[in-house]
Every structure is written in structure tokens, then in C-alpha cells.
Amino acid sequence: MAGLSCALHLHKSGFPVRLFEASDDVGGRVRTDVVDGFLLDRGFQVYLDAYPETSELLDLKALELRAFEPGALVYKDGKLHRLMDIFRRPSSTLSSVLASVGSLLDKLRVGLMRRRILRRSLKEIATGSDQTTESYLRSLGFSEGMLDSFFRSFYGGIFLERELQTSSRMFEFTFKMFGLGSATLPAKGMGEIPRQIAAQLPGGVVELNKPARGVFRDGLELDDGTWVDASAVVVATNVTQAKALLPESQFVEPGWRSVTNIYFAAAESPVKEPIICLNGSGSGLVNNVCALTDAVPGYSPDGRALLSVSVLGVHEVDTLIEAVKQELSDWFGEAVFSWQHLRTDTIRQALPDQPPGQESPGYSEASGVYICGDHCLSASIEGAVVSGKRVASAVVNDILSSHV
């Protein structure tokens, strides 16, 4: 996503670009595969339609975005409790207040926090004080019960860690995006987002299945030995690959958050509405469950339900499927055992760590080569796109200044 953003902004600035993609399609981690007619995104992903920079690059109407409900069903004490954004779903006020997820005071604090964050600009959030999300929420007075039954599971699915050690700036940013818009899915899968950006580039700019062997200030060498001259080179890979291409660079490679995502097909949805289901029990393997076809029926080829189950971390796949079914039978009943397993994705490099206190202009340089990606700014689609835009601006300025 960062490379596509960079290429498109350079193209719009009048500079000729070439984009070499190592894999068989664009998008990096934002990909969709077709398996037995089902659309399977690579891990549970959503597009937040309030993203300002990414939405400027996209034709959102053409993506046919389908929104999830602003809230969640939280599994706790043997049942699913409804907890909604009552500012957007006022009819759910009573059920949300009565839900045994946190206290009434916790829910009032959510409202106060929402008001405060929505009033802050994105610039104020990005430059404000920073701490871990856990300490941030504790400073606002949230109870242990609210942290354990809601925030750890909901933001565990976003940050891919339940300890809430991610930067509070990232928490405020995502909270604001959820407050201003919706979590959505494109009608034809998340992979349509990078494909739509790539389609705005001239024909022949994007070259697939072209991994690079080495990158330098004045060009790059492809795996097949081809040398490509360049006025500037941008590495827009994930952070581990960037470090491998630039081993002498000084930037510190962050750690990775991992997730194991399981797809099932079922005769019918156990949820029957477009909403995420969270594990608020404090135990078990599953972090979150979503019936994707409740939001986008077209993810299924034949009317069956497509279910996505997220388990944080890396697990032994052979034993995981049955263990997950056994656990979810407490949520949804015996019908779970009839679900058909479609695919398991073990995504070891799902999100780079985002500890508090990181400061970055959104890109970096090493040996005269530019580096961009979500690891340079924030681990999100928006972070990748903004990083690509900023490095494109730096490239333009440097090229123009070199000709003065």
C-alpha cells in the first residue's frame, strides 16, 4: 500500500515511475484470494471509511463498501452481550447499559472519552503525549472488568495484542476513525483497494513477480540480474524485507505481531447481523469472530455463511481447528461442529510493533535509498498510504533541489 501510494503521488507530480512487486499481485498484506468460490482476505481485515488520505485515492462508491454495526457482541458468562455505540445506535441504549461488560460508570467514561477524542484533530493526536494504551485507559478510570472484557478483545483484534502495550496515539487515532465512520468491507474483497490504486497508474508501470536482489542510490538489481537505472529508489516492503535489502542501514527493525486466522463455511450464520463478536471471558483461544457474509453476501458463492475466526499469535494448526470449534460451541451451540474448514492463515508478520514514544516523519533514508511503509508511521492502511505520500514528496523535493 505504501509503494502504490508513493508511485501514484509521484505520477501525479509528473515523474515517471516503475514499481517492481515481488509477488503475483499488488497490495502486500492487503490481499484477497478465491478459495472454492469464497473471497478470503489474508487475515481478518476491514477498511475504515473515515481514513482521510486513503479515501482521497479511492473511488469508495465503486468499491461498494458494506458497513459493520458500530458495536460488538461480547461473549462473557456463557452468553453474548450487546455493547453498541449508542450515539449512533440510540435504540441500543438500554441493552448496552444493562450488558454485564464493565460498569455503568465505565460506559459513561466511554462517552466522555469519545467526546474528547472526536474534538481533537489528527495532528493533535499525532503530536500529543504518548503512553501505552493500557496506562492511558487506566488514567481515565476504566475498571479492570472493562479492560478485560472489552478493550483487550476489541483492540486485541486491531493491535493483535491483548496486553494493550501499543501506543495510545494509535489507540486515539483508531478510536476517532471508528467514531467518525464505519468499519467496512468492499463487495469484492479487501484486495480491491490496492488494485484500484494500481489501476490509476499508466499501463506497464507495475511489474509483478519481479523481486529485487539489491537496492542502491542510483538503481536496483532484480533477482534475474537485470539492472534498472533510477533517479531515486524507494523501498516500500515490510520492515524485515527492507532491512534485508539494506543490511548496513541504521534503522531499528521493530518486532512483529502475529495472528492465526481461520475461515469456516456454515449452512447459516450464527450471528445473523454484520457485527463483530469478541471474547470477553478472559480465557480461551479465540479473540474475535465475524460472519463476513452478514456484511457482504458476495463473499460466499452459494449463500452459505463465511466465518472468520482470529486467534492471536502462532499456533499448531493441526490441533487448532477442533479446539476452536469446541470453544465456539459454547458461544453458538452444537451447529459449530458442522462448519467446514476452508483455510487457516498463519500470519507471522501481520503488524509491526507500535510502542509509545516513536517519532518519525513517516519515512526514512539509508545509504541514499528512501524507505516507507506502515512501520514508518502507524500500522494501518492509512499509515502506509500517508507514509508513501510523504516519501513521494521528499523524493520530488530532493530531485528538484538537485537540479537547481
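The structure under discussion appears in the preceding block.
Given the structure is predicted, the values throughout are model-derived calculations rather than measurements. (Residues numbered from 1 in each chain as written. Predicted model: local features only at pLDDT ≥ 70, side-chain atom pairs only at ≥ 80, totals over all residues. Heavy atoms only, no water.)

*Asks:* What is the right way to read the overall build of the protein from this model?
*Replies:* A tally of helices and strands in the protein yields 14 helices and 20 strands. Against the 2.2 N^0.38 benchmark of 22 Å for 404 residues, the protein shows a C-alpha radius of gyration of 22 Å, consistent with a compact globule. Across the 404 residues of the protein, 54% fall into the buried class. Residue pairs at least 24 apart in sequence account for 70% of intrachain contacts in the protein once pairs closer than 6 positions are excluded. Carbon and sulfur atoms make up 52% of the accessible area of the protein, which amounts to about 17,600 Å² in all. Side-chain charges of the protein comprise 39 positive and 49 negative groups, with the mean position of each set lying 7 Å from the other. (Helix = DSSP H or I, 4+ residues; strand = E, 2+ residues; numbered from the N terminus. Rg over C-alpha atoms; globule rule 2.2 N^0.38 Å. Buried < 20%, exposed > 50% of the residue type's maximum accessible area, 1.4 Å probe, protein only. Contact = heavy atoms within 4.5 Å. Areas by Shrake-Rupley, 256 points an atom, 1.4 Å probe, with all protein chains shown as cover. Lys, Arg positive; Asp, Glu negative; His and termini not counted. Charge placed at Lys NZ, Arg CZ, Asp CG, Glu CD.)

*Asks:* I tried to follow the sheet that holds strand 19 (residues 363-366) on my own but got confused; where do I start?
*Replies:* Adjacent strands of a sheet pair through backbone hydrogen bonds, lying either parallel or antiparallel. Taking strand neighbours across the sheet as the criterion, the 3 strands line up as 13-20-19 in an open arrangement whose pairing is mixed. The sheet terminates laterally at strand 13 (234-235) and strand 19, the two strands that pair on one side only. Alignment of strand 13 against strand 20 (residues 369-372), held across 2 bridges, turns out to be parallel. Paired with Val234 across the strands is Tyr370, a residue of strand 20. Strands strand 13, strand 19 and strand 20 of the sheet are contacted by helix 14 (residues 381-402), whose axis makes an angle of about 160 degrees with strand 20. (Pairing = 2+ DSSP bridges. Axes fitted to C-alpha atoms, helices over the stretch in contact; angles between N-to-C directions.)

*Asks:* I would appreciate a short explanation of the packing of aromatic side chains in the present structure.
*Replies:* Remark: the centre distance and the inter-plane angle together describe each pair of aromatic rings, the angle taken between the planes. As enumerated under the stated definition, the model contains 18 aromatic pairs in all. Consider the rings of Phe154 and Tyr155, whose centres lie 5.2 Å apart with planes at 70 degrees: the pair is edge-to-face. Across this residue pair, the class does not change: Phe154 and Tyr155 are buried. A centroid spacing of 5.7 Å and a plane angle of 40 degrees characterise the contact between Phe171 and Phe175, whose relative ring orientation is tilted. With Phe171 and Phe175 both in helix 9 (residues 168-180) and 4 residues apart, the pair spans about one turn of that helix. Phe175 sits in the buried class, given a relative accessible area of 12%. (Phe/Tyr/Trp six-rings, centres within 6.5 Å; stacked < 30°, edge-to-face > 60°.)

*Asks:* Would you explain the side chain of Asp33 in this entry?
*Replies:* Relative to the helices and strands, Asp33 is located in strand 2 (residues 32-35). With near-sequence residues (within four places) excluded, Asp33 lies in contact with Phe38, Leu39, Leu40, Arg42 and Arg343.

Shape descriptors only; they carry no functional weight alone.
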